Amino acid sequence: MPDGSRHRYGVSRALRRTAGAFVRIMPVIMGMLLLTSLVVTLLPPELVSSAFGHGPFIDTLFGVGLGSVAAGHPMVSYVLGGEMLEAGVTPYAVTALIVSWVTVGLVQLPAEALALGRRFALLRNASCVLLAVAVAV
């Protein structure tokens with residue numbers, strides 16, 4: 001078998017395996033996107049802002065928790081954060097929410113675990129939660 005044909009066989013095999021993995025992960029990704037959209041839609045900025053006001057430490061933890069569940073695009077988090085600051089939410093809480101919104105992904109955890117492995121996904125999310133608290137403080 002000439003060397004070039006072996007290379008082509010390897011590429012086509014890799015493409016088939018990649019396509020198969022993509023097909024297996026697609027239902028999880030679609031569910032994750034739908035759930036994220038639902039969470040973001042159901043949590044208007046006024047409702048989120050009214051839940052804060054219990055002191056910097058509690059607000060920071062609540063911001064990390066909320067941001068971890070309602071993961072989304074950074075641009076959306078900046079708009080939400082700006083509205084929260086205008087509503088009187090502490091900068092600690094807003095920073096915690098924005099950092100965890102972008103880095104932690106509890107809603108995306110099943111897809112991430114499927115694609116990258118459960119242990120890696122759990123360790124990455126746990127470290128991002130700790131770092132979100134550290135950055136906010």
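Everything below is about the structure shown above.
Every value quoted in this text rests on a predicted model; they were computed, and no experiment measured them. (Residues numbered from 1 in each chain as written. Predicted model: local features only at pLDDT ≥ 70, side-chain atom pairs only at ≥ 80, totals over all residues. Heavy atoms only, no water.)

J.: I'm lost on the overall build of the protein chain in this one. Help?
T.: What the protein chain contains, in helices and strands, is seven helices and zero strands. Reading the protein chain from its N end, one meets helices and strands in the order α-α-α-α-α-α-α. In the protein chain, the share of contacts with a sequence separation of at least 24, taken over all contacts with a separation of at least 6, comes to 73%. Roughly 8,600 Å² of accessible area belongs to the protein chain as shown, and the carbon and sulfur atoms make up 72% of that amount. (Helix = DSSP H or I, 4+ residues; strand = E, 2+ residues; numbered from the N terminus. Contact = heavy atoms within 4.5 Å. Areas by Shrake-Rupley, 256 points an atom, 1.4 Å probe, with all protein chains shown as cover.)

J.: Mind showing me how you'd approach the packing of helix α5 (residues 91-103) against helix α7 (residues 118-136) here?
T.: Each pair of packed helices can be described by the angle between their axes along with the distance between the axes. One can describe the packing of α5 onto α7 by two numbers: an axis separation of 8 Å at closest approach and a directional angle of 155 degrees. Classified by the angle their axes make, α5 and α7 are roughly antiparallel. Two packed elements cross with a definite hand, and for α5 against α7 that hand is right-handed. Mapping the contact onto sequence places Tyr-92, Thr-95, Ala-96, Val-99, Ser-100 and Thr-103 in α5 and Arg-124, Cys-128, Ala-132, Val-135 and Ala-136 in α7. For the contact of α5 with α7, the per-class residue count stands at seven nonpolar, three polar and one charged. (Axes fitted to C-alpha atoms, helices over the stretch in contact; angles between N-to-C directions. Parallel < 35°, antiparallel > 145°, perpendicular 65-115°, else oblique. Left-handed = near helix turned anticlockwise from the far one by under 90°. Nonpolar A, V, L, I, M, F, W, Y, C, P; charged D, E, K, R; others polar.)

J.: Looking at this structure, I do not really get the pattern of salt bridges. What am I missing?
T.: A side chain of one charge can pair with a side chain of the opposite charge if their charged atoms are brought near each other. Summed over all chains, the structure comprises one salt bridge. The salt bridge involving Glu-112 is made with Arg-124; its shortest N-O contact spans 2.5 Å. With a gap of 12 residues between them, Glu-112 in helix α6 (residues 109-116) and Arg-124 in helix α7 connect regions that are remote in the sequence. (Salt bridge = Lys/Arg side-chain N within 4 Å of Asp/Glu carboxyl O.)

J.: Got a minute to help me understand the nonpolar core in this structure?
T.: As a rule of thumb, soluble globular proteins bury nonpolar side chains together. Ranked by size, the top nonpolar core spans 11 residues in total: Phe-52, Leu-66, Ala-70, Leu-80, Met-84, Val-89, Ala-93, Val-94, Leu-97, Ile-98 and Trp-101. Counting only elements with at least two residues in this core, the list comes to α4 (74-86) and α5. (Core = buried A, V, L, I, M, F, W, Y, C linked by side-chain atoms within 4.5 Å. Buried < 20%, exposed > 50% of the residue type's maximum accessible area, 1.4 Å probe, protein only.)

J.: Please clarify how a positive patch on the surface should be interpreted in this entry.
T.: Positive charge collects at one region of the surface, where Arg-13, Arg-16, Arg-17 and Arg-24 lie side by side. The residue Arg-17 is located in helix α1 (residues 3-42) in this model. Look at Arg-17 and you get exposed, because its relative accessible area is 59%. (Patch = residues over 30% accessible without salt bridge, like charges linked within 9 Å, V, L, I, M, F, W, Y side chains within 5 Å. Lys, Arg positive; Asp, Glu negative; His and termini not counted. Charge placed at Lys NZ, Arg CZ, Asp CG, Glu CD.)

J.: Hey, could you run me through α5 in this one?
T.: Between its first and last C-alpha atoms α5 spans 18 Å; for 13 residues at 1.5 Å apiece the expected length is 18 Å, and the two agree. Residues of α5 that are buried: Ala-93, Val-94, Ala-96, Leu-97, Ile-98, Ser-100 and Trp-101. (Expected span 1.5 Å × (residues − 1).)

J.: Can you walk me through the packing of α6 against α7 in this structure?
T.: Between α6 and α7, the least distance of the axes is 7 Å, while the angle of their chain directions is 130 degrees. With respect to their mutual orientation, α6 and α7 come out oblique. Here Leu-109, Glu-112, Ala-113 and Leu-116 of α6 come into contact with α7, specifically with Arg-118, Phe-120, Ala-121, Leu-122, Arg-124 and Asn-125. The class makeup of the residues in the contact of α6 with α7 is six nonpolar, one polar and three charged.

J.: What's the story with the side chain of Ser-100 in this structure? I'm lost.
T.: Within the secondary structure, Ser-100 is located in helix α5. By relative accessible area, Ser-100 is classed as buried at 0%. Of the polar contacts made by the side chain of Ser-100, one reaches the backbone oxygen of Ala-96; its length is 2.8 Å. (Polar contact = N/O pair within 3.5 Å; in protein donor to acceptor, adjacent residues only side chain to side chain.)

J.: What should I look at first to understand a nonpolar patch on the surface in this one?
T.: A contiguous nonpolar surface patch, about 290 Å² in accessible area, is contributed by Leu-35, Leu-38 and Leu-42. Mapped onto the secondary structure, Leu-35 falls in helix α1.

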